[in-house]
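What follows is each chain in one-letter form.
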Amino acid sequence: MSPTLDEMKTIAREAGEILRAGYGQVHQVEMKSLIDPVTETDKRSEEFIVSYIKKHYPDHSIVAEESGVHQGSNGSCWYIDPLDGTVNFSHGVPIFCVSIAYAEDGVMKLGAVYDPMLDEMFSAEKGKGAWLNDRRIQVTEISDLIRSLTVTGFPYDQKSAEMQQALDLYRRFSLQAQACRRFGSAALDCCYVAAGRMDIYFEITVNSYDIAAGILLVEEAGGITSKYDGSTDCLSKPISIVAANKHLHPQALRVIQQG
Ligand code: IPD
Ligand code: CA
Ligand code: CA
């Protein structure tokens, strides 16, 4: 049995209600590493989503941020980020979402990303398109790098080589594009490219559950996604992602691959 997009949107909306209820409250913040937080709301949202899937699709696998991999018995797999943007959430910044994706035999079929603060539901179905609430969305047609609005994120390991690379790329895109933003939610970053709000999103050291739904959104909105080396198996490790329209994607790769 396979889920429907409407069903996935209902799950994402209910999990989003959990996030909205927790927003602005005093949190029990635990640190997974020096700067990587998790709150009771991340866990509550994930418990809700994972228990729904286990009840209705007991043979499916799940890759979930807080509880890890739940091995199923067939080729169906869900990718769950129960709260993408936890640093924002824990500081009372209203930029965060829940992200859910569903794949069959390695092919992403459905994705839903819900922002409960703006009541924005981004969704996509393989071969059928991408939507923001009930409206079809498309990537932009901008082709000049200097006119493009870009967005990125940074690794939690501040001492890593990837952090140095991320800072270097932030500098390059800030100098070669119109601007480079940092919102703090990889899933929303992808959705904003899909919806034509941003032109390019790039990031290194993200996880599959951060971007699985967002990749489908971008592709179904007419955009292109790849790793930094141009290969298209974006969810295989080590993960990196460049998402943009067809004009800007090769230009973004050139900026990234500059020596
Ligand atoms: C993080 C956010 C952030 C990105 C990090 C992610 P989390 O997810 O998406 O924008 O830069 O790479 O880990 O920890 O808030 O779920
Ligand atoms: Ca995340
Ligand atoms: Ca998260």
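Residue positions are counted from 1 within each chain, in the order its sequence is given. Chains and ligands are labelled sequentially in the order written, the chains with letters from A and the ligands with numbers from 1. At least 70 in pLDDT is required for a residue's local features to be given in this predicted model, at least 80 for side-chain atom pairs to be given and counted, and no such filter applies to totals for whole chains, interfaces and linings, which use all residues. For side-chain calculations, the full set of non-hydrogen atoms in the structure is used, while hydrogens and water are omitted.

Undergrad: Give a description of the overall build of the protein that names residues and reports values.
TA: Helix numbering and strand numbering both begin at the N terminus, where a helix is a DSSP run of H or I of at least 4 residues and a strand a DSSP run of E of at least 2. Check the secondary structure of the protein and you find seven helices and 15 strands. The C-alpha radius of gyration computed for the protein amounts to 17 Å, which stays within 12% of the reference 18 Å derived for 259 residues, consistent with globular compactness. Overall, the C-alpha framework of the protein stretches about 50 × 40 × 30 Å when taken along its three principal axes. Each residue is assigned to one of three classes by its accessible area relative to the maximum for its type, calculated with a 1.4 Å probe on protein chains only: buried under 20%, partly exposed between the two thresholds, exposed over 50%. For the protein, the residues scored as buried account for 56% of the 259 residues in total. Sequence-distant contacts in the protein: of pairs separated by 6 or more residues, those separated by 24 or more amount to 62%. Split by element, the accessible area of the protein, about 11400 Å² in all, is 50% carbon and sulfur. Asp and Glu are treated as the negative residues and Lys and Arg as the positive ones, with His and the ends of the chain left uncounted. A single reference atom marks each charge: NZ on Lys, CZ on Arg, CG on Asp, CD on Glu. Positive and negative charge centroids in the protein, built from 24 and 35 side chains respectively, lie 4 Å apart. Throughout, radius of gyration means the C-alpha value; the globule benchmark is 2.2 Å times the number of residues raised to the power 0.38. Here, two residues are considered to be in contact whenever any of their heavy atoms come within 4.5 Å of each other. Residue burial considers only the protein chains on display, and all accessible areas are found by Shrake-Rupley using a 1.4 Å probe.

Undergrad: Let's hear about the coordination of the calcium ion (ligand 3): which residues, and what values?
TA: Distances define the donors: N, O and S atoms within 2.8 Å of the metal qualify, as do those within 3.2 Å of Na, K or Ca. Water is excluded, so some sites may look unfinished. Every protein donor of the calcium ion (ligand 3) is listed here as Glu-65 (OE), Asp-81 (OD) and Leu-83 (O), and their distances to the metal cover 2.1 to 2.4 Å. Between the donor residues of the calcium ion (ligand 3), the gaps in sequence give the motif E-x15-D-x1-L. Taking relative accessible area as the criterion, Glu-65 reaches 21% and is therefore assigned partly exposed.

Undergrad: Got a sec to walk through the coordination of the calcium ion (ligand 2)? Specific residues and values, please.
TA: On the protein side, the calcium ion (ligand 2) has Asp-81 (OD), Asp-84 (OD) and Asp-210 (OD) as donor atoms, found 2.1 to 2.2 Å from it. Sequence positions of the residues that donate to the calcium ion (ligand 2) give the spacing D-x2-D-x125-D. If you look at the calcium ion (ligand 2) and the calcium ion (ligand 3), they sit 3.6 Å from each other and are both ligated by Asp-81. With Asp-84 in strand β5 (residues 76-84) and Asp-210 in helix α6 (residues 208-220), this pair connects stretches of sequence that are 126 residues apart. Taken individually, Asp-84 and Asp-210 each receive the classification buried, so the pair is uniform in this respect.

Undergrad: Before we move on, can you summarise the sheet that holds strand β9 (residues 129-132) with the specific residues and values?
TA: What makes two strands pair is DSSP finding at least two bridges between them. Taken in spatial order, the eight strands line up as β4-β3-β5-β6-β7-β8-β9-β10 in an open sheet, and their pairing is mixed. Both edges of this open sheet fall to β4 (68-70) and β10 (135-136), since each of them pairs with a single strand only. Note: β9 against β10, two bridges, orientation antiparallel. Directly across from Leu-132, in β10, lies its bridge partner Arg-135. All axes here are fitted lines through C-alpha atoms, helices being fitted over the stretch that makes contact, and every angle between N-to-C directions spans 0 to 180 degrees. Where α6 meets the sheet, its contacts fall on β3 (61-64), β5, β6 (97-104), β7 (107-115), β8 (120-125) and β9, and the angle it forms with β7 comes to roughly 100 degrees.

Undergrad: Give me helix α2 (residues 40-56): which residues, what numbers.
TA: If you check α2, its first and last C-alpha atoms are 24 Å apart, about what 17 residues at 1.5 Å a residue would give, namely 24 Å. All buried positions along α2 are accounted for by Glu-40, Thr-41, Asp-42, Ser-45, Glu-46, Ile-49, Val-50 and Ile-53. Helix span, expected: 1.5 Å multiplied by one less than the number of residues in the helix.

Undergrad: Tell me about the packing of aromatic side chains, residues and numbers included.
TA: Only rings of Phe, Tyr and Trp enter the pairing, Trp through its six-membered ring, and a pair is recorded when the two centres are within 6.5 Å. The plane angle decides the type: under 30 degrees is stacked, over 60 is edge-to-face, the rest tilted. The tally for this structure, following the rule as stated, stands at nine aromatic pairs. Each ring, one from Phe-183 and one from Tyr-192, has its centre 5.9 Å from the other, and the planes form 65 degrees; the classification is edge-to-face. Taken together, Tyr-23, Phe-89 and Phe-96 form an aromatic cluster joined through their ring pairs.

Undergrad: I'd love a proper account of the packing of helix α1 (residues 5-22) against α2, names of residues and values included.
TA: Axis separation between α1 and α2 bottoms out at 9 Å; the angle between their running directions is 160 degrees. In this view, α1 runs roughly antiparallel relative to α2, as classed from their interaxial angle. The crossing of α1 and α2 is right-handed. Note on element contacts: α2 touches α1 through Thr-41, Arg-44, Ser-45, Phe-48, Ile-49 and Tyr-52, opposite Glu-7, Ile-11, Glu-14, Ala-15, Ile-18, Leu-19 and Gly-22. A class-by-class count of the residues in the contact of α1 with α2 yields seven nonpolar, three polar and three charged. Under this scheme an angle from 65 to 115 degrees is roughly perpendicular, one under 35 degrees roughly parallel, and one over 145 degrees roughly antiparallel; angles in between are oblique. Crossings are assigned a handedness: left-handed for a near helix turned anticlockwise from the far helix by less than a right angle, right-handed for a clockwise turn. Three categories are distinguished: nonpolar for Ala, Val, Leu, Ile, Met, Phe, Trp, Tyr, Cys and Pro, charged for Asp, Glu, Lys and Arg, and polar for the others, with Gly belonging to the last.

Undergrad: How would you explain the pattern of salt bridges if you had to name every residue and give the values?
TA: When a carboxyl oxygen of Asp or Glu lies within 4 Å of a side-chain nitrogen of Lys or Arg, that pair is called a salt bridge. Following the criterion strictly, the structure yields 10 salt bridges and no others. One salt bridge in this structure joins Asp-6 and Lys-9, with 3.9 Å as the shortest N-O distance. With Asp-6 and Lys-9 both in helix α1, this residue pair falls three residues apart, about one helical turn. Notably, a salt bridge pairs Glu-17 with Arg-20, separated by 2.5 Å at the nearest N-O pair. Linking Glu-17 with Arg-20, this pair stays in helix α1, spanning three residues, or about one helical turn.

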